[in-house]
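Listed below, chain by chain, are the residues.
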Amino acid sequence: VLGLDQVASFQTRCLAAIERASGRMSTYSRKAASFLPEHTHEWNRLKLLIGVVDSLLHDIRNGYLKSLEELIHGEVFSDFLEMAAHLNSSGYKDAAAVIAGSTIEGHLKQLCSRHSIPIEKDDKPKKADLLNSELAAANAYSKLEQKSVTAWLGLRNDAAHANYSAYDKTQVGMMIDGVRHFISKFPA
């Protein structure tokens, strides 16, 4: 018979495994967290957590989840976009534009890797605009999406080259939202 300390240990290990495998904001993590404040016996709570682990394991084995690499990329890029949104709302539109632009450029490189498109030519990194064109040509996304990416890269370049009057805070906010949507729609 397990003691309460061992039950608590198993509960913690279940929660940690769920979060590591699916991310902190996944359906699995949210469901597991919902069991914690319940006024049920520790054994029943452990049983519920094991059910979530079992469901997650089933979905992983059957390929229903994004790869762990995709989850990590999504989390990292989301953090950068949150930082950009905070800077923009705090009056630092220029820094926000550079961070959001760098985020989309990093994501383009990840998409290139996913679609077997080299990110270098003659041992030099390709420009983000060229990566964008090659991804659209490879049908990674549509020509319309390519135009949005081109606009975001242009705004980032204006910010990086001190052309601050070429855009405003609202445009930076729309860029951040657009980049966030693009990354979720086209995971790398």
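Peer 1: Please clarify how the pattern of salt bridges should be interpreted in this entry.
Peer 2: Pairs can form between side chains of opposite charge once their charged atoms are near each other. Scanning all chains against the criterion turns up 6 salt bridges. The residue E134 makes a salt bridge to K126 at a minimum N-O spacing of 2.8 Å. Judged by relative accessible area, E134 falls into the partly exposed class, the value being 23%. The exposure class assigned to K126 is buried, which follows from its relative accessible area of 12%. Across the pair D177 and R180 runs a salt bridge, and its minimum N-O distance is 3.5 Å. Linking D177 with R180, this pair stays in helix α8 (residues 169-185), spanning 3 residues, or about one helical turn. Among the residues examined, D177 registers a relative accessible area of 47% and is labelled partly exposed. R180 sits in the partly exposed class, given a relative accessible area of 28%.

Peer 1: Can you help me understand α8 in this one?
Peer 2: Counting along an α-helix, one turn takes 3.6 residues, and residues three or four places apart therefore face a common direction. Compared with the 24 Å implied by 1.5 Å per residue over 17 residues, the 24 Å span of α8 between its first and last C-alpha is a close match. Among all positions of α8, only V172, G173, M175, I176, G178, V179, F182 and I183 are buried. Sitting at the amino-terminal end of α8 is D168, which places a side-chain oxygen 3.1 Å from the backbone nitrogen of T170.

Rules of the game
Residues numbered from 1 in each chain as written. Predicted model: local features only at pLDDT ≥ 70, side-chain atom pairs only at ≥ 80, totals over all residues. Heavy atoms only, no water. Salt bridge = Lys/Arg side-chain N within 4 Å of Asp/Glu carboxyl O. Buried < 20%, exposed > 50% of the residue type's maximum accessible area, 1.4 Å probe, protein only. Helix = DSSP H or I, 4+ residues; strand = E, 2+ residues; numbered from the N terminus. Expected span 1.5 Å × (residues − 1). Polar contact = N/O pair within 3.5 Å; in protein donor to acceptor, adjacent residues only side chain to side chain.

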